[in-house]
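# Per-entry structural report
Residues per chain are reported as follows:
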Amino acid sequence: MTLHHVRRGAGAPLLLVHGLGAGWRSWEPIIDALAVEREVVAVDLPGFGKSPPLAELSIATLADAVADFIEEQGLGGVATAGQSMGARIVLELARRGVGGDTVALDPGGFWTDRELTIFGATLRPSIALVRALRGALPSLLATRVGRTAFLAQLSARPWALDAGTVLPDVLGLADAPATDAALDALTKGPKQEGAPAGTVPGRVTIGWGRRDLVTLPRQAERAAQAFPDAEVHWFERCGHFPQWDAPDEAVRLILDRTS
(Lines give C-alpha, C1' and ligand atoms only; values in the text may rest on other atoms or scores of the structure.)
Protein backbone atom coordinates (compact mmCIF):
# COMPACT_ATOMS: atom_id res chain seq x y z
CA MET A 1 0.00 0.00 0.00
CA THR A 2 0.99 3.64 -0.31
CA LEU A 3 1.03 5.17 3.15
CA HIS A 4 -0.67 8.50 3.61
CA HIS A 5 1.95 11.11 4.43
CA VAL A 6 2.67 14.81 4.59
CA ARG A 7 5.78 16.72 3.53
CA ARG A 8 7.04 19.94 5.04
CA GLY A 9 10.14 22.05 4.47
CA ALA A 10 13.21 21.58 2.29
CA GLY A 11 16.64 20.04 2.69
CA ALA A 12 17.89 16.55 3.46
CA PRO A 13 14.88 14.27 3.98
CA LEU A 14 13.84 13.12 7.44
CA LEU A 15 11.20 10.42 7.88
CA LEU A 16 9.02 10.56 11.02
CA VAL A 17 7.27 7.42 12.32
CA HIS A 18 4.63 7.81 15.03
CA GLY A 19 3.48 5.52 17.83
CA LEU A 20 -0.03 4.68 19.02
CA GLY A 21 -2.34 7.65 18.60
CA ALA A 22 -2.96 10.27 15.97
CA GLY A 23 -0.80 9.09 13.09
CA TRP A 24 1.50 11.73 11.62
CA ARG A 25 -0.27 14.41 13.65
CA SER A 26 1.49 13.07 16.75
CA TRP A 27 4.48 15.09 15.45
CA GLU A 28 2.57 18.39 15.15
CA PRO A 29 4.23 19.90 18.25
CA ILE A 30 7.65 19.75 16.51
CA ILE A 31 7.17 19.11 12.78
CA ASP A 32 7.31 22.77 11.74
CA ALA A 33 10.49 23.34 13.75
CA LEU A 34 12.10 20.31 12.10
CA ALA A 35 10.99 21.55 8.69
CA VAL A 36 12.95 24.77 9.11
CA GLU A 37 16.11 22.76 8.35
CA ARG A 38 14.89 19.55 6.70
CA GLU A 39 12.37 18.14 4.28
CA VAL A 40 10.20 16.29 6.75
CA VAL A 41 8.15 13.31 5.56
CA ALA A 42 5.68 12.14 8.22
CA VAL A 43 3.72 8.96 7.55
CA ASP A 44 0.49 7.49 8.84
CA LEU A 45 1.22 3.86 9.69
CA PRO A 46 -1.31 1.31 8.39
CA GLY A 47 -4.56 1.59 10.32
CA PHE A 48 -3.70 5.03 11.71
CA GLY A 49 -4.60 8.46 10.39
CA LYS A 50 -5.61 8.13 6.74
CA SER A 51 -3.68 4.95 5.89
CA PRO A 52 -5.76 1.78 5.42
CA PRO A 53 -5.17 -1.09 7.85
CA LEU A 54 -3.18 -4.22 7.16
CA ALA A 55 -4.81 -7.65 6.95
CA GLU A 56 -2.19 -8.89 9.44
CA LEU A 57 -0.56 -6.40 11.77
CA SER A 58 2.69 -7.01 13.61
CA ILE A 59 5.79 -4.97 14.27
CA ALA A 60 7.40 -6.83 11.37
CA THR A 61 4.58 -6.00 8.92
CA LEU A 62 4.52 -2.36 10.04
CA ALA A 63 8.26 -2.18 9.44
CA ASP A 64 7.72 -3.83 6.05
CA ALA A 65 5.18 -1.14 5.16
CA VAL A 66 7.58 1.65 6.07
CA ALA A 67 10.47 -0.03 4.21
CA ASP A 68 8.26 -0.34 1.12
CA PHE A 69 7.30 3.33 1.45
CA ILE A 70 10.97 4.34 1.62
CA GLU A 71 11.67 2.39 -1.56
CA GLU A 72 8.67 3.61 -3.53
CA GLN A 73 9.33 7.24 -2.57
CA GLY A 74 12.99 7.02 -3.57
CA LEU A 75 14.13 7.71 -0.01
CA GLY A 76 16.94 5.16 0.23
CA GLY A 77 19.33 6.09 3.04
CA VAL A 78 16.80 8.47 4.60
CA ALA A 79 17.30 9.52 8.21
CA THR A 80 14.49 8.32 10.46
CA ALA A 81 13.02 9.37 13.78
CA GLY A 82 10.33 7.51 15.67
CA GLN A 83 8.57 7.66 19.02
CA SER A 84 7.25 4.74 21.13
CA MET A 85 6.02 2.07 18.70
CA GLY A 86 7.43 4.21 15.89
CA ALA A 87 10.80 4.24 17.66
CA ARG A 88 10.74 0.47 17.74
CA ILE A 89 9.97 0.43 14.02
CA VAL A 90 12.89 2.71 13.10
CA LEU A 91 15.20 0.56 15.23
CA GLU A 92 13.91 -2.49 13.40
CA LEU A 93 14.63 -0.76 10.08
CA ALA A 94 18.16 0.06 11.26
CA ARG A 95 18.61 -3.58 12.31
CA ARG A 96 17.62 -4.60 8.79
CA GLY A 97 20.02 -2.10 7.25
CA VAL A 98 17.25 0.18 5.95
CA GLY A 99 17.60 3.98 6.12
CA GLY A 100 20.41 6.11 7.48
CA ASP A 101 20.81 7.85 10.82
CA THR A 102 18.18 6.81 13.36
CA VAL A 103 16.68 8.57 16.38
CA ALA A 104 14.42 6.40 18.55
CA LEU A 105 12.48 8.20 21.30
CA ASP A 106 11.26 6.00 24.16
CA PRO A 107 11.07 2.82 22.07
CA GLY A 108 8.93 -0.18 22.92
CA GLY A 109 10.20 -3.72 22.73
CA PHE A 110 12.60 -3.82 25.68
CA TRP A 111 10.26 -4.79 28.51
CA THR A 112 10.76 -7.78 30.77
CA ASP A 113 7.83 -10.20 30.80
CA ARG A 114 6.61 -8.71 34.08
CA GLU A 115 6.90 -5.15 32.80
CA LEU A 116 5.04 -6.13 29.65
CA THR A 117 2.20 -7.63 31.68
CA ILE A 118 1.88 -4.42 33.69
CA PHE A 119 2.06 -2.31 30.53
CA GLY A 120 -0.83 -4.19 28.95
CA ALA A 121 -2.83 -4.30 32.15
CA THR A 122 -2.63 -0.52 32.58
CA LEU A 123 -2.86 0.70 28.99
CA ARG A 124 -5.81 -1.43 27.87
CA PRO A 125 -8.19 -0.06 30.56
CA SER A 126 -6.95 3.47 29.77
CA ILE A 127 -7.86 3.02 26.11
CA ALA A 128 -11.25 1.60 27.08
CA LEU A 129 -11.88 4.66 29.25
CA VAL A 130 -10.86 7.01 26.43
CA ARG A 131 -13.35 5.29 24.13
CA ALA A 132 -16.12 5.45 26.72
CA LEU A 133 -15.56 9.18 27.20
CA ARG A 134 -14.80 9.94 23.54
CA GLY A 135 -17.38 12.69 23.16
CA ALA A 136 -16.37 14.49 26.34
CA LEU A 137 -12.60 14.40 25.76
CA PRO A 138 -12.23 17.88 24.21
CA SER A 139 -13.88 19.43 27.26
CA LEU A 140 -12.06 17.22 29.76
CA LEU A 141 -8.62 17.82 28.28
CA ALA A 142 -9.25 21.55 28.15
CA THR A 143 -8.79 21.63 31.94
CA ARG A 144 -5.61 21.17 33.97
CA VAL A 145 -7.40 18.66 36.20
CA GLY A 146 -8.62 16.65 33.21
CA ARG A 147 -5.19 16.54 31.58
CA THR A 148 -3.60 15.47 34.86
CA ALA A 149 -6.12 12.66 35.34
CA PHE A 150 -5.94 11.32 31.79
CA LEU A 151 -2.30 11.82 30.91
CA ALA A 152 -0.37 11.03 34.11
CA GLN A 153 0.95 7.81 32.55
CA LEU A 154 2.15 9.62 29.42
CA SER A 155 3.52 12.98 30.54
CA ALA A 156 5.72 14.18 33.39
CA ARG A 157 3.76 17.45 33.55
CA PRO A 158 0.34 16.84 31.99
CA TRP A 159 -1.24 19.89 33.62
CA ALA A 160 1.23 22.16 31.81
CA LEU A 161 0.44 20.86 28.33
CA ASP A 162 -1.79 22.60 25.82
CA ALA A 163 -5.01 20.74 25.06
CA GLY A 164 -4.40 21.13 21.33
CA THR A 165 -1.08 19.31 21.70
CA VAL A 166 -2.47 16.19 23.34
CA LEU A 167 -6.01 15.89 21.98
CA PRO A 168 -5.11 14.37 18.56
CA ASP A 169 -3.15 11.51 20.11
CA VAL A 170 -5.78 10.79 22.75
CA LEU A 171 -8.55 10.78 20.14
CA GLY A 172 -6.35 8.61 17.93
CA LEU A 173 -6.19 5.96 20.64
CA ALA A 174 -9.98 5.83 20.55
CA ASP A 175 -10.51 6.13 16.80
CA ALA A 176 -7.64 4.41 14.97
CA PRO A 177 -8.75 1.05 13.50
CA ALA A 178 -5.35 -0.48 14.30
CA THR A 179 -5.06 0.51 17.98
CA ASP A 180 -6.04 -2.88 19.40
CA ALA A 181 -4.05 -4.91 16.89
CA ALA A 182 -0.98 -2.73 17.44
CA LEU A 183 -1.29 -3.11 21.20
CA ASP A 184 -1.52 -6.88 20.73
CA ALA A 185 1.61 -6.76 18.56
CA LEU A 186 3.47 -4.91 21.29
CA THR A 187 2.29 -7.07 24.18
CA LYS A 188 1.96 -10.52 22.57
CA GLY A 189 4.53 -10.41 19.81
CA PRO A 190 8.30 -10.94 20.05
CA LYS A 191 10.55 -8.42 21.75
CA GLN A 192 12.82 -6.22 19.68
CA GLU A 193 15.91 -7.90 18.24
CA GLY A 194 19.20 -6.05 18.39
CA ALA A 195 21.94 -5.33 15.87
CA PRO A 196 25.58 -6.33 16.41
CA ALA A 197 28.14 -3.53 16.48
CA GLY A 198 29.02 -2.21 13.05
CA THR A 199 25.91 -3.52 11.28
CA VAL A 200 23.55 -0.51 11.34
CA PRO A 201 23.56 1.85 8.34
CA GLY A 202 24.11 5.11 10.25
CA ARG A 203 24.28 6.68 13.67
CA VAL A 204 21.72 5.41 16.18
CA THR A 205 20.50 7.62 19.02
CA ILE A 206 18.07 6.40 21.66
CA GLY A 207 16.30 9.14 23.60
CA TRP A 208 14.54 8.36 26.87
CA GLY A 209 12.42 10.35 29.31
CA ARG A 210 13.62 10.05 32.88
CA ARG A 211 9.98 9.93 34.02
CA ASP A 212 8.59 7.61 31.37
CA LEU A 213 5.95 5.36 32.92
CA VAL A 214 5.21 3.43 29.70
CA THR A 215 8.65 2.34 28.54
CA LEU A 216 10.47 2.54 31.84
CA PRO A 217 13.87 4.29 32.03
CA ARG A 218 15.63 1.09 33.14
CA GLN A 219 14.78 -0.37 29.73
CA ALA A 220 17.26 2.05 28.13
CA GLU A 221 20.13 -0.14 29.31
CA ARG A 222 18.62 -3.13 27.54
CA ALA A 223 18.12 -1.10 24.38
CA ALA A 224 21.73 0.06 24.48
CA GLN A 225 22.93 -3.52 24.95
CA ALA A 226 20.84 -4.64 21.98
CA PHE A 227 22.19 -1.78 19.84
CA PRO A 228 25.79 -1.34 21.03
CA ASP A 229 26.48 1.36 18.43
CA ALA A 230 23.75 3.56 19.91
CA GLU A 231 24.20 6.71 21.96
CA VAL A 232 21.64 7.20 24.74
CA HIS A 233 20.25 10.69 25.42
CA TRP A 234 18.24 11.41 28.57
CA PHE A 235 15.35 13.88 28.65
CA GLU A 236 15.03 15.21 32.19
CA ARG A 237 11.52 15.95 33.56
CA CYS A 238 10.07 14.14 30.56
CA GLY A 239 7.59 11.31 30.20
CA HIS A 240 6.79 9.07 27.24
CA PHE A 241 6.29 11.87 24.70
CA PRO A 242 9.39 14.10 24.33
CA GLN A 243 7.52 16.08 21.66
CA TRP A 244 5.05 17.03 24.41
CA ASP A 245 7.25 17.52 27.45
CA ALA A 246 10.52 18.66 25.85
CA PRO A 247 9.76 19.79 22.29
CA ASP A 248 12.73 22.12 21.81
CA GLU A 249 15.15 19.50 23.11
CA ALA A 250 13.56 16.82 20.93
CA VAL A 251 13.94 19.01 17.84
CA ARG A 252 17.57 19.74 18.59
CA LEU A 253 18.38 16.09 19.25
CA ILE A 254 16.76 14.91 16.01
CA LEU A 255 18.44 17.58 13.90
CA ASP A 256 21.85 17.17 15.54
CA ARG A 257 21.86 13.36 15.30
CA THR A 258 20.62 12.96 11.71
CA SER A 259 21.92 14.12 8.37
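Residues numbered from 1 in each chain as written. Predicted model: local features only at pLDDT ≥ 70, side-chain atom pairs only at ≥ 80, totals over all residues. Heavy atoms only, no water.

## What about the packing of helix α1 (residues 28–35) against helix α11 (residues 247–256)?
In the contact formed by α1 and α11, the axes pass within 10 Å of each other and the chain directions differ by 45°. Regarding the angle of α1 to α11, the classification is oblique. Handedness of the crossing formed by α1 with α11: right-handed. Where α1 abuts α11, its residues Ile-30, Ala-33 and Leu-34 lie against Pro-247, Ala-250, Val-251, Ile-254 and Leu-255. Of the residues that constitute the contact of α1 with α11, the class distribution is 8 nonpolar, no polar and no charged. (Axes fitted to C-alpha atoms, helices over the stretch in contact; angles between N-to-C directions. Helix = DSSP H or I, 4+ residues; strand = E, 2+ residues; numbered from the N terminus. Parallel < 35°, antiparallel > 145°, perpendicular 65-115°, else oblique. Left-handed = near helix turned anticlockwise from the far one by under 90°. Contact = heavy atoms within 4.5 Å. Nonpolar A, V, L, I, M, F, W, Y, C, P; charged D, E, K, R; others polar.)

## Here's the deal with the side chain of Asp-44
As for its placement among the helices and strands, Asp-44 is situated in the loop between β3 (39–43) and α2 (59–72). Summary of buried charges: Asp-44 has no salt-bridge partner, and the nearest side chain of opposite charge, Lys-50, is 7.0 Å away. A distance of 2.8 Å separates a polar atom in the side chain of Asp-44 from a polar atom in the side chain of His-4. Apart from the residues lying within four places of it in its own chain, the contact partners of Asp-44 are Leu-3, His-4, His-18, Ala-22, Gly-23, Trp-24, Gly-49, Lys-50 and Ser-51. (Buried < 20%, exposed > 50% of the residue type's maximum accessible area, 1.4 Å probe, protein only. Lys, Arg positive; Asp, Glu negative; His and termini not counted. Salt bridge = Lys/Arg side-chain N within 4 Å of Asp/Glu carboxyl O. Polar contact = N/O pair within 3.5 Å; in protein donor to acceptor, adjacent residues only side chain to side chain.)

## Thoughts on the pairing of β3
Regular strands place side chains that alternate from one sheet face to the opposite one. β3 sits mainly inside the fold: 4 of its 5 residues count as buried. Taken together, the 4 bridges between strand β1 (residues 5–8) and β3 define a ladder with antiparallel strand orientation. Note that in β3 the partner of His-5 across the bridge is Val-43. Crossover connection from strand β2 (residues 13–17) via α1 to parallel β3: handedness right-handed. (Pairing = 2+ DSSP bridges. Right-handed = clockwise from strand over helix to strand, strands pointing away.)

## Quick notes on the side chain of Thr-205
Residue placement: Thr-205 occurs in strand β6 (residues 204–209). For Thr-205, the side chain forms a polar contact with the side chain of Arg-257, separated by 2.6 Å. Those residues in contact with Thr-205, other than ones at most four positions away along the chain, are Thr-102, Val-103, Ala-104, Glu-231, His-233, Leu-253 and Arg-257.

## A closer look at the sheet that holds β1
Taken in spatial order, the 7 strands of this open sheet run β1-β3-β2-β4-β5-β6-β7, and their pairing is mixed. Each edge of the sheet is formed by a strand with only one pairing partner; in this case those strands are β1 and β7 (231–235). Going from strand to strand, the sheet's axes swing by 20° on average, the running direction of each strand aside. Against the sheet, helix α9 (residues 219–226) contacts β6 and β7, and its axis sits at roughly 175° relative to β6.

## Section: the pattern of salt bridges
Opposite charge on two side chains makes pairing possible when the charged atoms of those side chains draw close. Summed over the entire model, instances satisfying the criterion amount to 19 salt bridges. Note that Arg-7 and Glu-39 form a salt bridge whose closest N and O atoms lie 3.0 Å from each other. Pair noted here: Arg-7 is in strand β1 and Glu-39 is in strand β3, with a separation of 32 residues, a long-range link. Glu-39 sits in the partly exposed class, given a relative accessible area of 22%. Between Arg-252 and Glu-37 there is a salt bridge whose closest N-O contact spans 3.7 Å. One end of the pair, Arg-252, is in helix α11; the other, Glu-37, is in the loop between α1 and β3, with 215 residues separating them in the sequence. For Arg-252, a relative accessible area of 38% gives the class partly exposed. For Glu-37, a relative accessible area of 42% gives the class partly exposed. Here the residues in one salt-bridge network are Asp-64, Glu-92, Arg-95, Arg-96 and Glu-193, joined through shared partners.

## Quick look at the UniProt feature "domain: AB hydrolase-1" (unreviewed entry) in the protein chain
UniProt annotation of "domain: AB hydrolase-1" (unreviewed entry) refers to residues 14–251 when read in the numbering used here. Between the end C-alpha atoms of residues 14–251 there is a gap of 12 Å, over a span that is 45% helix and 12% strand. (UniProt positions renumbered as here; feature names shortened; annotations may be inferred.)

## Some points on helix α3 (residues 85–96)
For an α-helix, 3.6 residues make a turn, and residues three or four places apart therefore share a direction. Between its terminal C-alpha atoms α3 stretches 17 Å, which fits the 16 Å expected from 12 residues at 1.5 Å a residue. Of all the residues in α3, the buried ones are Met-85, Gly-86, Ala-87, Arg-88, Ile-89, Val-90, Leu-91, Glu-92, Leu-93 and Ala-94. Gly-97 lies just past α3 and shows a positive phi near 85°. (Expected span 1.5 Å × (residues − 1).)

## So, unusual backbone geometry
In most cases, non-glycine residues show a negative phi, while peptide bonds are predominantly trans. Although it is not a glycine, Ser-84 adopts a positive phi angle of roughly 60°. Within the secondary structure, Ser-84 is located in the loop between β4 (79–83) and α3. In this structure, Arg-237 takes a positive phi of about 50° despite not being glycine. The topology assignment puts Arg-237 in the loop between β7 and α10 (242–245). Assessed through its relative accessible area of 48%, Arg-237 is described here as partly exposed.

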